[in-house]
Amino acid sequence: MSTVLVPEKAPPTTGRGVDSRGRRVIKARPTPAERTFVAAARSAALSTLVVMGLIGVFLAVGAWPALQSQGAGFLTESQWLPEAGTFGIASLLWGTLLVGLFALVVAVPCGFGAALFISEYAPRSLKRPLVTLVDLMAAVPSIIYAMWALFFLQAHLLTIAEFLSVHLGPVLPFLRVKVPDSPSSYTSSAFIAGIAVGVVVLPTITSIMREVFSQAPVGEREGAIALGATRWGMIRTVVIPFGRSGIVGGIMLGLGRALGETIVVYALISPMFEFTTHPLESGTNTIAAHIASRYSESGGLALSGLLGAGLVLFAFTLVVNTLAGLVVSRSRSGAATEI
Amino acid sequence: MATATAAPAATRPPRVRIGGLSPEVVTHVVAAGAGSLALVWIVYERLLPLHGAIGFWLVWYVVFIVMLAAVSATTLDRMGVVDRVVGALVTTAGMILVACLAGIVVFTVLRGKQALGHLNFYTETTAFIGPEAPLDHGGIYAAMVGTLEQVAMSVVMSVPLGIATAVYLSEVRGKLARLVRSVVEAMSAVPTIVAGLFIYSMLVLKFGQERCGLAASMALCVSMIPVVTTTAEVVLRLVPGGLREASLALGTTQWQTVRRVVLPTARAGLVTAVLLGVARVIGETSPVLLVAGSTSELNYDPTHGPQVSLPLFVFNQMRLPLDQAIARAFGAAVVLLVLVVVLFGLARIVGGRSPGAMSKRRQRRMNRSVRGESL
């Protein structure tokens, strides 16, 4: 790639500078500046690899004592009692999944609809402002979402939670709570934390789905319309099949963000270390919120346990996001286009 | 057809409008809305033992969709009705998105207004006052200093690294490019709390460094590098290949091409990349929470002692059960929000220019230098 092109003397018929078929060979002789440039760019690229590697190594090394002392119990124990010598992340994993699930229940239908609205329904003059708005919403710091959720959203969600519990609880046992009359038994629940996280990941899901929808081929769209399809008919037969892997990828990227969301969950929940099958009931916990709440009072084995929890979260989000990346990139190459 | 040829202007069939709202749609929507409102008001408020505004509007929405389908069925076939109902649902989703953002901004500004009116809010710290002190004492000066220093340091560390990586990915295109690209993508997905935990375990536990602003800015780098790299790579790819080839054809080295042609052409986009990176990290709370330490005092020195920053200030104050503290938290949140919006707007304005387009000032300067050379 280095590009000082130096013709090797005058073209003799044989000897150096000429290949076996008598063609002149041009060789690059990189200058020192050139060599430095390539080396610098390469080392910058390598340093990102090194940083990622270091994250994994430091977490793994730090977590080793805890993993060694707890063994497989680290993944199956649900209590966190480092003073007593037993701790594990089972309930934390369950809580993380529960919150992520509620987040997706809110964010996926809403994000899907909003993405369709922006790419298919919105008047042309509104499209660009709406795209900017979604990007801006993704840039709003999560601490601001956390305040909004704590001081505004929670109060309104309480009535919904109470309604669900009182009216649907008799039929669906997982919606029951212990004291259905008092509003305080509905605060700080996995349901509320999940919906707040859902609002945080909404712009992520929307922007990925919108991008894929807007890439649906114009020819096929026009074909569907010309055959007499309604707008929804065109979307159902052209836009959604074309964007299917974008939809899946967007959902998974949203899940990845939801699993790692810390501040919103930490601000809302009251920590608890039990398997809850009643998501409307007060009390839950996630890995990220647990790390944020315990790091300062932990030392020794307890801290090592937190690093282990961080390692599990790191591995979890890495897997989810890599899969999502694969799915989305496949859709961009147009491999999913079959109508 | 015969009449059309005889008097084309008079009897031309009405133009078919595709898109836009026809009077029929408007009538149907208004009718369904009003009808469902009346029905739900009677049933929900008067007949059933239910109450609450949210429940009312949820029930109204369901009844509205049903009524819209019923009203549309008077003029449309089944497919048309489905089309209209889906249109209503999708439009609602878009409105929810806009309402969420508007709600968050308006709510934060309304609650923060109280604290923002006091001048001392910007010039004092909360170091020597109690959390219950009135709003004309104490402020966010220490937090602003901390944010400025930490963000500046993470810019200094991650922008050269990010842009050099982008140059490697799009210009040098070595063997590692694919691997690096997917690792950078994975890096952007690392939960910020894990980034904080990493710096905590490396600096604080391994090397015995105390918690400080420098550690916080290193934790921020982990989130900033992938943003800068991916944005910069996209921007560099937009530089026309003809420019590169023209430069190489003049006999320059690749380094000269990148320095004199590619980077100057992409300058606006690179500025956008930096601004987006700053907007991303300026509000990060969880990594800073772990490694910046906790204080309310003013600390100019990022290498020693705990240093507070704006998101950390918001977080600490909002957890106090006192009206003044919460008002301060909202005030600081508004400052943070304004910073993010300004950075974002700047990035849009700068990035809106096509690659190579020059601002007026740069054009004048260039004209002057060209004239100077020709003299």
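Every value quoted in this text rests on a predicted model; they were computed, and no experiment measured them.

## Considerations on the overall build of chain A
Piece 1. A tally of regular secondary structure across chain A gives twelve helices and four strands.
Piece 2. At 27 Å, chain A has a C-alpha radius of gyration far larger than the 20 Å of a compact globule built from 339 residues.
Piece 3. For chain A, the C-alpha atoms occupy an extent of roughly 100 × 65 × 30 Å along the three principal directions.
Piece 4. Here chain A holds 339 residues, and 52% of them are scored as buried.
Piece 5. Within chain A, counting contacts between residues at least 6 apart in sequence, those at least 24 apart form 71% of the total.
Piece 6. Of note, chain A has its 23 positive side-chain charges centred 18 Å away from the centre of its 17 negative side-chain charges.

## Some details on the state of the cysteines
Piece 1. The final tally for this structure, using the stated rule, is zero disulfides over all chains.
Piece 2. Left unpaired, cysteine 110 of chain A is separated from the closest cysteine sulfur, that of cysteine 100 of chain B, by 6.5 Å.

## Focus on helix 7 (residues 141–172) of chain B
Piece 1. Taking 1.5 Å of rise per residue, 32 residues should cover 46 Å, and helix 7 of chain B covers 44 Å from first to last C-alpha, within 8% of that figure.
Piece 2. Directly beyond the C-terminal end of helix 7 of chain B, a positive phi value near 50° is found at arginine 173 of chain B.

## As for helix 6 (residues 190–214) of chain A
Residue and element names in this part refer to chain A.
Piece 1. Between its first and last C-alpha, helix 6 extends 35 Å over 25 residues, near the 36 Å set by a 1.5 Å rise per residue.
Piece 2. Valine 201 marks where helix 6 bends most, by close to 40°; the proline proline 203 follows one to four residues later.
Piece 3. Of all 25 residues that make up helix 6, 21 are buried, and the element is covered over most of its length.

## As for a positive patch on the surface
Residues and elements named next belong to chain B.
Piece 1. On the surface, Arg267, Lys360, Arg361, Arg364, Arg365, Arg368 and Arg371 cluster together into a positively charged patch.
Piece 2. Examining the composition of the positive patch, we find that six residues originate from one element, helix 17 (residues 360–374), more than from any other.
Piece 3. Following the sequence through the fold, arginine 368 ends up in helix 17.

## Considering the interface of chain A and chain B
Piece 1. Chain A puts 77 residues into the contact, and the matching count from chain B is 78 residues.
Piece 2. Summing the contributions of chain A and of chain B, the shared interface buries around 7000 Å²; its carbon and sulfur component is 83%.
Piece 3. For the pair chain A and chain B, the number of links is one salt bridge.
Piece 4. Arginine 348 of chain B is paired through a salt bridge with aspartate 135 of chain A; the nearest N and O atoms lie 2.9 Å apart.
Piece 5. Viewed at the interface, chain B and chain A are joined by eight residue pairs in polar contact (both at pLDDT 80 or more).
Piece 6. Here the side of chain A that touches chain B takes 18 residues from helix 1 (residues 32–70) of chain A, the largest share from any one element.
Piece 7. Partitioning the side of chain A that touches chain B into residue classes produces 56 nonpolar, 17 polar and four charged.

## Here we look at the packing of helix 5 (residues 142–168) of chain A against helix 15 (residues 310–318) of chain B
Piece 1. Two elements in contact, helix 5 of chain A and helix 15 of chain B, have axes separated by 10 Å at closest approach and are oriented at 20°. When the axes of helix 5 of chain A and helix 15 of chain B are compared, the pair comes out roughly parallel. Along this stretch, helix 5 of chain A crosses helix 15 of chain B, giving a crossing that reads as left-handed. Between helix 5 of chain A and helix 15 of chain B, the contacting residues are Ile143, Ala146, Met147, Leu150 and Phe151 of chain A on the first element and Pro311, Val314, Phe315 and Met318 of chain B on the second.
Piece 2. When grouped by side-chain class, the residues that make up the contact of helix 5 of chain A with helix 15 of chain B number nine nonpolar, no polar and no charged.

Analysis parameters
Residues numbered from 1 in each chain as written. Chains lettered and ligands numbered in written order. Predicted model: local features only at pLDDT ≥ 70, side-chain atom pairs only at ≥ 80, totals over all residues. Heavy atoms only, no water. Helix = DSSP H or I, 4+ residues; strand = E, 2+ residues; numbered from the N terminus. Rg over C-alpha atoms; globule rule 2.2 N^0.38 Å. Buried < 20%, exposed > 50% of the residue type's maximum accessible area, 1.4 Å probe, protein only. Contact = heavy atoms within 4.5 Å. Lys, Arg positive; Asp, Glu negative; His and termini not counted. Charge placed at Lys NZ, Arg CZ, Asp CG, Glu CD. Disulfide = S-S within 2.5 Å. Expected span 1.5 Å × (residues − 1). Bend = angle between axes of the 7 residues up to and from the residue. Patch = residues over 30% accessible without salt bridge, like charges linked within 9 Å, V, L, I, M, F, W, Y side chains within 5 Å. Areas by Shrake-Rupley, 256 points an atom, 1.4 Å probe, with all protein chains shown as cover. Salt bridge = Lys/Arg side-chain N within 4 Å of Asp/Glu carboxyl O. Buried area = accessible area lost by both parts, 1.4 Å probe. Polar contact = N/O pair within 3.5 Å; in protein donor to acceptor, adjacent residues only side chain to side chain. Nonpolar A, V, L, I, M, F, W, Y, C, P; charged D, E, K, R; others polar. Axes fitted to C-alpha atoms, helices over the stretch in contact; angles between N-to-C directions. Parallel < 35°, antiparallel > 145°, perpendicular 65-115°, else oblique. Left-handed = near helix turned anticlockwise from the far one by under 90°.

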